[in-house]
Structures are given as C-alpha cells and as structure tokens.
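Structural characterization, general
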Amino acid sequence: MVKTEKMDPVEIYADLKEKIIWLDFKPGHTLNQAELADSYGVSRNPLTIALTRLDAEEWVVRQGSHYVVSPLTFERIREITEIRSVLEVQANIWALHRITPEGMAELKLLEQEIRSLSPDCTNRDIVKLDVKFHGIVFQACQNQQLAGMLDRMLCHYLRFWLSISRKIDKDRFFQEASDIIRAFEAKDEIRVRAASLAHIRVSLDEIIGISGF
C-alpha cells in the first residue's frame, strides 16, 4: 500500500468505507491490520477505532482477532430492499413537495449527464450517477436523519450492483429515475410512488437474476 500522512480514526474510517463500497476491498476480504496501520501511518489504536465503527455499520464483521469485509447475501439484500420500499418511497414523496428550483435544476443537469453516457461506460460509471441521483433526491426531502439513513443503505446496496459480472444496461437502469424526474416536474405523487417502487423492485430482480443469490 502507498504510505500516506498520519490519519485520524475518522479519516481512516472514511477511506476504508470508500474502498469497501467500491470493491477495492471485496466481500470476504480479510483486512491485514498491520499493513493498514502502516499505510495510514498510525498505531493499532486509531485503526481499531475505525474498524469498530465499520463493524457497527456492518461494513466489516469480526472473526476472532480479524476483521473481514462483510459478505453479500440474499438475506442482506432482502432486508435492505424491505426498508428501502418503505423509507425511500416516503423520502421521494417528501422530496416531490419540498424540492427547490435549484434541486430541480440539479436533477435536469444530471439527466443530461445520464443521456450523454458513452455506450462504453463501465458499471462503475453508471452506479456513480445513480448514487448522485439518489443523493439529490434524498437531500431534497429535507430530513437529514432520513437522508443519512438512506444514503448508508444505498451504499450497501450498490456493492451488489458493482459485484455483477455482466454489463449493466444503462437505459433500463435509469428508466425509473427518468420517470421520477418527470413526476417531480408534474408534481405527480402517485407517479413518484409507482416509479420509486418500480426502481427498487427492478434493482432487486436484476441483482438476484444476475448474481444468482
């Protein structure tokens, strides 16, 4: 690993979380604490603090004296999907009524960015834009507690997308996102609810079908 300047536990936590989310550390990978401590320029104590927080948020699991990146299982995605189906739909409805003109402008710019994606774009490129879309909508609901909770769940969810081997169909992937944007423009709560549920269900069906969970 590349030697870095000494980091505090919060910075270590954020860096490790980012690596886990984007599969730089894959599910089931055992974290070498001696190597990590050396790479961050710290003793074991700050690293342990960061790993304890990651364990509490289920990014890693403890196995004896070791920490392992949490596995991707059907039960895990089922539970996340159940919660998303309730909380994310409500967040999107609140966002429909609370989004600012600046927020709508961000969504429109993002939609253009999605449309301009190259046919050769990677799954990672696609997932990054999906995270950006949800981030705009979650902030628009104007409930920071709910937005933070949904963001954490989404980050867990996207690991499943990044783990699939085949190329994601970007047009199919973003269909419901486009429907949600259209519904926001029309102030159509029924359409937002339907598109939000469809987006979550399609994601689950695609992941299960592709990954064979």
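Please refer to the structure higher up on the page.
Let us look at the structure shown here. (Residues numbered from 1 in each chain as written. Predicted model: local features only at pLDDT ≥ 70, side-chain atom pairs only at ≥ 80, totals over all residues. Heavy atoms only, no water.)

**Regarding helix α3 (residues 44-56)**
Its 13 residues place the ends of α3 18 Å apart at the C-alpha level, agreeing with the 18 Å of an ideal helix rising 1.5 Å per residue. Within α3, the full set of buried residues consists of Pro46, Leu47, Ala50, Leu51 and Leu54. On an axial view of α3, the arc spanned by its buried residues comes to 135 degrees, and they lie on one face. Residues of α3 that are exposed and angled more than 90 degrees away from the buried face: Asn45 and Ala56. Contacts made by the buried residues of α3 are with α1 (9-21), β1 (30-31), α2 (33-40), β2 (60-63) and β3 (66-69). Residue Glu58 follows α3 closely and has a positive phi angle near 65 degrees. (Helix = DSSP H or I, 4+ residues; strand = E, 2+ residues; numbered from the N terminus. Expected span 1.5 Å × (residues − 1). Buried < 20%, exposed > 50% of the residue type's maximum accessible area, 1.4 Å probe, protein only. Arc of directions from axis to C-beta. Contact = heavy atoms within 4.5 Å.)

**Notes on the pairing of β3**
Of the strand pairs in this sheet, β1 and β3 are connected by two bridges, and their pairing is antiparallel. Looking at the pairing, Leu31 lines up with Tyr67 of β3. In this structure, β2 lies alongside β3, joined through four bridges in antiparallel fashion. Within the sheet, the bridge partner assigned to Arg62 lies in β3 and is Tyr67. Between β2 and β3, which pair antiparallel in sequence order, lie two residues; one of them, Gly64, sits at a positive phi of approximately 65 degrees. (Pairing = 2+ DSSP bridges.)

**Regarding the side chain of Arg159**
Tracing the backbone shows Arg159 in helix α7 (residues 144-163). Although Arg159 is buried, it makes no salt bridge; Glu58 carries the closest opposite charge, 8.3 Å away. Setting aside chain neighbours within four positions, we find Arg159 in contact with Ile20, Ile21, Leu23, Pro27, Trp59, Val69, Ser70, Pro71, Leu72 and Arg76. (Lys, Arg positive; Asp, Glu negative; His and termini not counted. Salt bridge = Lys/Arg side-chain N within 4 Å of Asp/Glu carboxyl O.)

**Examining the packing of aromatic side chains**
Per the stated rule, a full pass over the model turns up two aromatic pairs. Both rings, one in Trp161 and one in Phe173, keep their centres 4.8 Å apart while their planes meet at 80 degrees; by these two values the pair is edge-to-face. Taken together, the residues span a long stretch of sequence, with Trp161 in helix α7 and Phe173 in helix α8 (residues 170-173) at a distance of 12 residues. In this structure, Trp161 and Phe173 share a single accessibility class: buried. Pairing Phe173 with Phe174 gives two aromatic rings, centres 5.1 Å apart and planes at 85 degrees, and the pair type is edge-to-face. Grouping residues by exposure puts Phe173 and Phe174 together as buried. Counting every residue linked through ring pairs, the aromatic cluster contains Trp161, Phe173 and Phe174. Stacked on the ring of Tyr157, the Lys or Arg Arg84 has its end atom at 4.4 Å from the ring centre. (Phe/Tyr/Trp six-rings, centres within 6.5 Å; stacked < 30°, edge-to-face > 60°. Lys NZ or Arg CZ within 6 Å of the ring centre and 35° of its normal.)

**Observations regarding the pattern of salt bridges**
A full pass over the atoms with the stated rule returns 14 salt bridges. In this structure, Glu57 and Arg53 form a salt bridge, with 3.5 Å as the shortest nitrogen-oxygen distance. We note a salt bridge from Arg78 to Glu82, for which the minimum N-O separation is 2.7 Å. Residue Arg78 and its partner Glu82 are located together in helix α4 (residues 74-98), separated by four residues, close to a single helical turn. What makes Glu82 partly exposed here is its relative accessible area of 48%. Beyond isolated ion pairs, a larger network of salt bridges with shared partners links Lys108, Glu111, Arg115, Arg182 and Glu185.

**Thoughts on helix α6 (residues 123-140)**
If you check α6, its first and last C-alpha atoms are 26 Å apart, about what 18 residues at 1.5 Å a residue would give, namely 26 Å. Three or more residues of α6 are buried, namely Asn123, Ile126, Val127, Leu129, Asp130, Phe133, His134, Ile136, Val137, Phe138 and Ala140. Phi turns positive one or two residues past the end of α6, at Gln142, with a value near 60 degrees.

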